Amino acid sequence: MNLAEHGVELWLDVLPARVLQPVIAEYEASKPDTSDVPKHVPIVVYRTHVPGQHRCIQLLSKMPRMHELAKYVARLLRFRKLAENMRLLETVIFNKPPLDSTVLHWHQDVSYFALEPNNQLAVWIPFDTVTEASGAMVYALGSHKLGLRASKDLMTGEQFPGEERPAIDVAGMPTRCMEMEPGDMLIHDGYTWHMSGPNTVTGQQRRGLSLRFLVGETRYAPRAGSAAPFLKQIDDL
């Protein structure tokens, strides 16, 4: 698979333990909370995919290992010529606890960001072994070529009010489940459709880091279906 053709690439064993393990240890020792932080200050978002759970935050400045990993990943992307002019837009740690987590419905990252042009690359890094049963990422191959689609509530799958763009429909499309090990890395285009199932494995953690990069120059450009979620993210900070 390659990014240009399929909208996603899987790189095996590219993050050495000396780079990744300190980040996991830093995350496990951190104490995020739900308090407000000043705007224009980079943060790390903690999301637990369990009904009723609210996201927590931590200042990126308090997680120097995480910051170093983001720079390490950016250097890898430049070295492999996937992108040059990149800025870190979002840092999120996703947690799907065993037996309690939910489906993350089919979606497209760019539909949640009111930006133009909306050129994004997302990198997904597992902290644990990830299998189909524990909620591995699933991609609709080639979907990044199909343009902008409707945004939706990721937990319920309900389309946001005001959306006029066509909904995601994966019927008949080739899909791929990406089972991974710590040290592996997924890179996907911001337009690529993807989802993940619940973690159904007793005693097996499913934690992963998402680093989202803007590629090139962009500007704020609100539109129906994206402005409200985008502004809500800003107002929640």
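It should be noted that the structure appears before, not after, this text.
For every chain, the first residue of its written sequence is number 1, and the numbers climb from 1 along that sequence. Residue-level local features of this predicted model are given only where pLDDT is at least 70; pairs of side-chain atoms are given and counted only at 80 or more, and the full residue set underlies all totals for whole chains, interfaces and linings. Only hydrogens and water are set aside; all other atoms, that is, all heavy atoms of the structure, feed into the side-chain values.

A. Looking closely at the pattern of salt bridges. Each salt bridge in this description consists of a side-chain nitrogen of Lys or Arg and a carboxyl oxygen of Asp or Glu lying within 4 Å of one another. Evaluated as defined, the whole model comprises five salt bridges. Here K71 and E68 are joined by a salt bridge, their closest N and O atoms 2.9 Å apart. Taken together, the positions of K71 and E68, both in helix α3 (residues 64-79) and three residues apart, correspond to about one turn of that helix. For R212, the salt bridge identified is with E90, shortest N-O distance 2.9 Å. With R212 in strand β12 (residues 207-215) and E90 in strand β4 (residues 86-95), the pair connects residues that are 122 residues apart, well separated along the chain. Each of the two residues, R212 as well as E90, counts as buried. Helix and strand definitions follow DSSP, with helices as H or I runs of at least four residues and strands as E runs of at least two, each counted in order from the N terminus. Working definition: with a 1.4 Å probe on protein chains only, accessible area under 20% of the residue-type maximum means buried, over 50% means exposed, and in between means partly exposed.

B. Expanded view of the sheet that holds strand β5 (residues 104-108). The sheet built from four strands is open, its strands ordered β5-β11-β8-β9 with antiparallel pairing. In the strand order of this sheet, the two ends are held by β5 and β9 (175-178), each with one partner. Across the sheet, the mean angle from the axis of one strand to that of its neighbour is 20 degrees, orientation sign disregarded. What makes two strands pair is DSSP finding at least two bridges between them. As paired strands, β5 and strand β11 (residues 193-196) are joined by three bridges and run antiparallel to one another. The residue bridging L104 from the neighbouring strand is S196, located in β11. Here, axes are lines fitted to C-alpha atoms. For helices the fit covers the stretch in contact, and angles between N-to-C directions go from 0 to 180 degrees.

C. Molecular detail of the nonpolar core. In terms of nonpolar packing, the biggest core is built from 33 residues, with L15, L69, V73, V123, I125 and M185 touching the most fellow members. At the level of elements, α2 (17-29), β2 (43-48), α3, β4, β7 (120-126), β10 (185-189) and β12 are the ones that each hand at least two residues to this core. A per-element tally of this core places α3 first, with eight residues. Other than its neighbours up to four places away in sequence, V123 contacts V73, L77, M185, L186, I187, L209, S210, L211 and F213. As used in this record, nonpolar core signifies buried Ala, Val, Leu, Ile, Met, Phe, Trp, Tyr and Cys residues forming a set joined through side-chain atoms within 4.5 Å. With 15 residues, the next largest nonpolar core counts I57, M137, Y139 and M180 among its residues. For this analysis, residues touch if any pair of their heavy atoms sits within 4.5 Å.

D. A look at the packing of α2 against α3. Where α2 meets α3, the closest approach of the two axes is 8 Å, and the angle between their N-to-C directions is 145 degrees. Crossing hand, α2 versus α3: left-handed. Of α3, the residues touching α2 (which contributes R18, V19, L20, P22, V23 and E26) are P64, R65, M66, L69 and Y72. In terms of residue class, the contact of α2 with α3 is made up of eight nonpolar, no polar and three charged. The hand of a helix crossing depends on one turn: near helix anticlockwise from the far one by less than a right angle means left-handed, and clockwise means right-handed. Each residue is assigned to one of three groups, with Ala, Val, Leu, Ile, Met, Phe, Trp, Tyr, Cys and Pro labelled nonpolar, Asp, Glu, Lys and Arg labelled charged, and all others, Gly among them, labelled polar.

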